[in-house]
Amino acid sequence: MTSVGCDGTSYDGRQELMAGRGAGPDFVESLARGLDVLACFDANHRAMSLSEVAAAAGLARPTARRLLLTLEELGFVRSTDGSFQLTPKVLTLGMAYVGALGLWDIAKPHLEALVARTGESSSMAQLDGSDIVYVARVSVPKIIALRVDIGTRFPAAQTSQGKVLLAALSPAELADTLALPSRAGLPPYIGRTADQLRDELTEIRARGWALADEELAPGVRSVAAPVRDGTGTVRAAMNVTVHAAETTTDKLLHDFLPLLLRTAGDVSAEWALYQSRPHHELPQPTRESSA
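Report follows, based on the coordinates. All values derive from a computational prediction rather than experimental measurement. (Residues numbered from 1 in each chain as written. Predicted model: local features only at pLDDT ≥ 70, side-chain atom pairs only at ≥ 80, totals over all residues. Heavy atoms only, no water.)

## With respect to the sheet that holds strand β5 (residues 83-86)
Counted only if it meets this: For two strands to be treated as a pair, DSSP must find at least two bridges joining them. Working definition: helices are DSSP H or I runs of at least four residues, strands are E runs of at least two. Numbering for both runs from the N terminus. Note on geometry: axes are lines fitted to C-alpha atoms, helical ones only across the stretch in contact, with angles between N-to-C directions running from 0 to 180 degrees. The contact criterion used throughout is that any non-hydrogen atoms of two residues lie within 4.5 Å.
Strand order in the open sheet made by the three strands is β3-β5-β4, with antiparallel pairing throughout. At either margin of the open sheet sits one strand with a lone partner, and together these are β3 (47-49) and β4 (77-80). When strand polarity is set aside, the average angle formed by the axes of neighbouring strands in this sheet is 35°. Summarising the sheet, β4 and β5 pair through four bridges and their orientation is antiparallel. Each bridged residue has a counterpart across the sheet, and for Val77 the counterpart in β5 is Leu86. Sheet strands in contact with helix α2 (residues 50-57) are β3 and β5, and its direction is about 90° off that of β3.

## Looking at the packing of aromatic side chains
The condition that has to hold: Ring geometry is summarised as follows: Phe, Tyr and Trp rings, the Trp one being its six-membered ring, pair when their centres sit within 6.5 Å, and such pairs are stacked at plane angles under 30 degrees, edge-to-face over 60 and tilted between the two. The buried label goes to any residue with under 20% of its type's maximum accessible area, the exposed label to any with over 50%, and the partly exposed label to all in between, with areas taken from a 1.4 Å probe on protein chains only. Whether a charge sits over a ring depends on NZ of Lys or CZ of Arg being within 6 Å of the ring centre and within 35 degrees of the ring normal.
Summed over all chains, the structure comprises one aromatic pair. A ring pair is formed by Tyr134 and Phe154, whose centres lie 5.9 Å apart and whose planes are at 90°; its orientation type is edge-to-face. Of this pair, Tyr134 sits in strand β7 (residues 131-138) while Phe154 sits in strand β8 (residues 153-155), and the two are 20 residues apart along the sequence. Residue Tyr134 is classed as buried on the basis of its relative accessible area of 6%. The aromatic ring of Trp209 is capped on one face by Arg207, whose charged end is 3.8 Å from the ring centroid.

## Observations concerning the pairing of β5
Relative to β5, β3 runs antiparallel, the two sharing three bridges. Bridge pairing in β5 links Met48 to Phe84. Joining the antiparallel neighbours β4 and β5 is a turn of two residues, in which Asp81 adopts a positive phi near 50°.

## A word on the nonpolar core
The condition is simple: Residue types Ala, Val, Leu, Ile, Met, Phe, Trp, Tyr and Cys, when buried and joined through side-chain atoms within 4.5 Å, form a set referred to as a nonpolar core.
Of all hydrophobic cores here, the largest spans 28 residues; its most connected members are Met124, Val227, Met238, Val240 and Leu260. Taken together, the elements giving at least two residues each to this core come down to α5 (103-118), β7, β10 (220-228), β11 (234-243) and α9 (249-275). The dominant element in this core, judged by the number of residues it contributes, is α9, at eight residues. Not counting residues within four places of it along the chain, the set of residues in contact with Met124 comprises Leu103, Ala107, Leu111, Val133, Tyr134, Val135, Ala136, Gln161, Val227, Ala236, Ala237 and Met238.

## Description of α5
Note the cut-off: Expected span of a helix, by definition, is 1.5 Å for each gap between consecutive residues, and there is one gap fewer than residues.
Between its terminal C-alpha atoms α5 stretches 22 Å, which fits the 22 Å expected from 16 residues at 1.5 Å a residue. Along α5, the positions that sit buried rather than exposed are Leu103, Ile106, Ala107, His110, Leu111, Leu114, Val115 and Thr118. Just beyond α5, the residue with positive phi is Gly119, at close to 75°.

## Some points on the side chain of Thr118
Rules: Side-chain atoms alone can form a polar contact between residues adjacent in sequence; in general such a contact is a pair of N or O atoms within 3.5 Å, and within protein one must be able to donate a hydrogen while the other accepts it.
Assignment of secondary structure puts Thr118 in helix α5. Side-chain polar atoms of Thr118 contact the backbone nitrogen of Glu120, separated by 3.1 Å. Setting aside chain neighbours within four positions, we find Thr118 in contact with Phe256 and Leu259.

## Overview of a nonpolar patch on the surface
This is how it is decided: A patch consists of residues whose relative accessible area exceeds 30% and which take part in no salt bridge; residues with like charges are grouped when within 9 Å of each other, and nonpolar side chains (Val, Leu, Ile, Met, Phe, Trp, Tyr) when within 5 Å. All accessible-area figures derive from a Shrake-Rupley calculation using a 1.4 Å probe, and residue coverage is judged against the displayed protein chains alone. Salt bridge, as used here, is a side-chain nitrogen of Lys or Arg placed within 4 Å of a carboxyl oxygen of Asp or Glu.
On the surface, Val28, Leu31 and Leu35 cluster together to form a nonpolar patch covering roughly 280 Å² of accessible area. Within the fold, Leu35 resides in helix α1 (residues 29-39). The exposure class of Leu35 is partly exposed, given its relative accessible area of 48%.

## Some points on the environment of Gln126
Take Gln126: it is sitting in strand β6 (residues 121-128). We classify Gln126 as buried; its relative accessible area is 6%. A distance of 2.9 Å separates a polar atom in the side chain of Gln126 from the backbone oxygen of Arg235.

## Description of the sheet that holds β7
Strand order in the open sheet formed by six strands is β8-β7-β6-β11-β10-β9, with antiparallel pairing between adjacent strands. The strands lining the two open edges of the sheet, one partner per strand, are β8 and β9 (210-213). Each strand axis lies, on average, 35° off the axis of its neighbour in the sheet, ignoring direction. Pairing analysis gives nine bridges linking β10 to β11, with the strands arranged antiparallel. The residue bridging Val223 from the neighbouring strand is Val240, located in β11. The strands touched by α5 within the sheet are β6, β7 and β11, with β6 carrying the most contacts at an inclination of about 145°.

Okay, here's the thing in structure tokens:
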């Protein structure tokens, strides 16, 4: 019987596959496999049995069991009635990254103010391979075709934020990025050719914002602007998302885009100041020096 692992690779269930792909002498295979186990859980697989985890991660049952029990002891996984689930502690892994950037603390009040003025949800995302990953979000209670949380992954080329981030890449970087398979689990968008996408990204680069009109899912319309770090490099993108049946493209671009551009500019300016702040950490005192 053939199954499909977390990375989309088909494998024979009787044969254990190597979860990691590292080739360096210091590569830790067990760590890679543990991360693979965590990545198997998603919105469609909130609770999984040992056999399901082993099959999804391409691991032998004994290996999957040891990894799950280790993750449970560390507090990242809980088990109930023979099934395993992630715990909220997993959020600390992603939030450590966002917190290290200082981005959430800076963006939060600006996102909240933007949402208060537009009455629509706003998010920030960064590029990870050919996908975007959401790193900050302030939402309003509206029915939308796709659920979005911190850590949600979507194909970059089908989103306004992704287009902004792709447009900031060099031609070589763009080609390499688009060649990577998406890990979002969504069907590819067939409404445009590769050449049309590149032409659109050239236009986005020139005008400084991007529109995605029901490319990700029916009814989902959004506009996005870049967020830059202290060097002027585009490091994230911020959007306003609306329901297509409620908000026309003209209203989105005429009423909401100017507010979004101003907000993204303010976040970029404050982030640049944050990164340039004088900061120095003293080394931890040794026992000898503190005695």
